[in-house]
Amino acid sequence: MNKRAAILITVLGIVVVTIVLACSIFAIGEVRVVTTADVTFDDEVSSGIVAASGVKDGGSIFSVDESVVRSNVEAAYPQVKVITVERTFPGTVSINCTLRKAFVCIPCDGGYALLDRELKVVSVTSAAPESGYISVSGYTLTAQAGAFADIPWLSAIIAGGESNLLMNEKISYFIQSVTYYSDGNYVDILTNTGAHLLMYAEGDMDAIFGRLYQAYLLTMEDDFSGCESGFFYTEVASDGRISVKHSSTFPENYPRA
């Protein structure tokens, strides 16, 4: 055997040993489910999440694809949100989860869909909840449990609320209902005091929501008579400037349903 062949065999041997050691040392030995402090899963759910994830004991820790794990788990458990998937060397995979908080109720083919802030259908119920949810009308959802609804105007309202620190339960407390009028392409947002925020379902709706909300707060702070009810809406001047108006009656520039 010549010197070159001996070197090649040695190199190949080192490569094989390295691969074998890597597969052994970095083999997945534990897959665990970790929850946020306010959430607890029982053993059955935790085991189900691990099984749904597709991560197998003995596989390489380097083969774990976070996007695949997230998709698998959230398809099997629509109410679960996978925050991150962490790999801890040498062989532990942690699936960090929390529960989605549904606060929007919208009619759907199977009854009523309950959606979270990302407009994921967390569950479908036969009857609408009596409280704790934003009730949406004028629109029927076709998405089923586990799917994400594509409703731009509703996403914009939620984004506008979150920009003004109205998160989850806070926004569902402030907004009692949202009615979508397809003929006029606008939404009527009913607040918990009885005031209405009117917005066309187009353009920069989250920013418009913010302006309406801030005007509503300002009038409440100034204790203007009647401003806890009535209609807040935007009006565009000839120079293109947008101002917020308040009226005790339905504004003429919005088409009646």
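Computed from a prediction, not measured in an experiment: that's the story for all the values here.

**Quick word on unusual backbone geometry**
1) Next: Of note, the amide linkage connecting Phe 89 to Pro 90 takes the cis form, showing an omega dihedral of 15°.
2) Next: Tracing the backbone shows Pro 90 in the loop between β2 (80-88) and β3 (92-99).
3) Next: Positioned with a positive phi, Leu 165 is a non-glycine residue whose angle comes to about 65°.
4) Next: In this structure Leu 165 comes out as exposed when scored by relative accessible area, which is 66%.
5) Next: In this structure, Asn 168 takes a positive phi of about 45° despite not being glycine.
6) Next: For Asn 168, the position within the fold is in the loop between α4 (152-163) and α5 (169-174).

**Side note on helix α3 (residues 66-76)**
The periodicity of an α-helix, 3.6 residues per turn, causes residues three or four places apart in sequence to face the same way.
1) Next: Residues of α3 that are buried: Val 69, Val 73 and Glu 74. Projection of α3 onto a plane perpendicular to its axis shows the buried side chains occupying an angular sector of 115°, all on one side.
2) Next: Looking at the buried side of α3, the elements it contacts are α2 (43-53), β2 and β3.

Conventions adopted
Residues numbered from 1 in each chain as written. Predicted model: local features only at pLDDT ≥ 70, side-chain atom pairs only at ≥ 80, totals over all residues. Heavy atoms only, no water. Helix = DSSP H or I, 4+ residues; strand = E, 2+ residues; numbered from the N terminus. Buried < 20%, exposed > 50% of the residue type's maximum accessible area, 1.4 Å probe, protein only. Arc of directions from axis to C-beta. Contact = heavy atoms within 4.5 Å.

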